[in-house]
Amino acid sequence: MTNNFTYFRKYIIFKTDYQNISNINPKGHGKIEIKGIRGNIGINIENCEIEKDYIISFLKDSNGQVMEFKLGRIITDHKGRGRANIPINLKDLQSQGFSIEDINAILIRKDFHILLGGYIHEDTGTIEKFVKNLTLEKKSEEIITEYDTME
């Protein structure tokens, strides 16, 4: 339950293990800080694509199915750097089916393009499952588009 947290702080170093955007070498880190039922997520990225926006998402593995909760966006500047501070309310998260204890990872992406990802506690394979599902979704979308152009 969210009532167990009176104060929680966790630092995350994002990795490029899942990155599928060419010609960049992004780096990033984040901090989750929760006091009571309110919290803040701070994310910093650099060496990214110039003047692009990405989605920041929480991922959780629920009975073998990976679920995504979109937290917000991060926009890079003319040097490829970006910063986001996103306030969160644990009750709002929980009403969406995302208890803070169940969240495994944070992912930064744009559509099918993965920029950075990181685990909050330990590597549980959640990001790999999500990327695999995303790849399958992209392939099925390409097949549908190809089929539509054939008609």
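Residues numbered from 1 in each chain as written. Predicted model: local features only at pLDDT ≥ 70, side-chain atom pairs only at ≥ 80, totals over all residues. Heavy atoms only, no water.

Another point: the nonpolar core. Formed by 30 residues in total, the largest nonpolar core has its most connected members in F58 and I108. I108 has contacts with F14, I43, I45, Y54, I55, I56, I74, I114, L115 and L116, leaving out every residue within four places of it along the chain. In terms of nonpolar packing, the next biggest core, distinct from the first, is built from 12 residues, Y18, V66, A105 and I127 among them. (Core = buried A, V, L, I, M, F, W, Y, C linked by side-chain atoms within 4.5 Å. Buried < 20%, exposed > 50% of the residue type's maximum accessible area, 1.4 Å probe, protein only. Contact = heavy atoms within 4.5 Å.)

Glancing now at the packing of aromatic side chains. One pass over the structure, following the stated rule, counts 1 aromatic pair. Relative to F98, the ring of F69 has its centre 5.4 Å away and its plane inclined at 45°; by these criteria the two rings are tilted. Remark: F98 occurs in the loop between α1 (90-95) and β7 (105-110) and F69 occurs in strand β5 (residues 65-75); sequence separation between them is 29 residues. Residue F69 is classed as buried on the basis of its relative accessible area of 19%. Accessibility expressed as a relative area gives 3% for F98, which makes it buried. K60 extends its terminal NZ or CZ atom over the ring of F98, reaching a point 5.2 Å from the ring centre. (Phe/Tyr/Trp six-rings, centres within 6.5 Å; stacked < 30°, edge-to-face > 60°. Helix = DSSP H or I, 4+ residues; strand = E, 2+ residues; numbered from the N terminus. Lys NZ or Arg CZ within 6 Å of the ring centre and 35° of its normal.)

Everything listed here is a matter of coordinates, which is why it stays silent on function.
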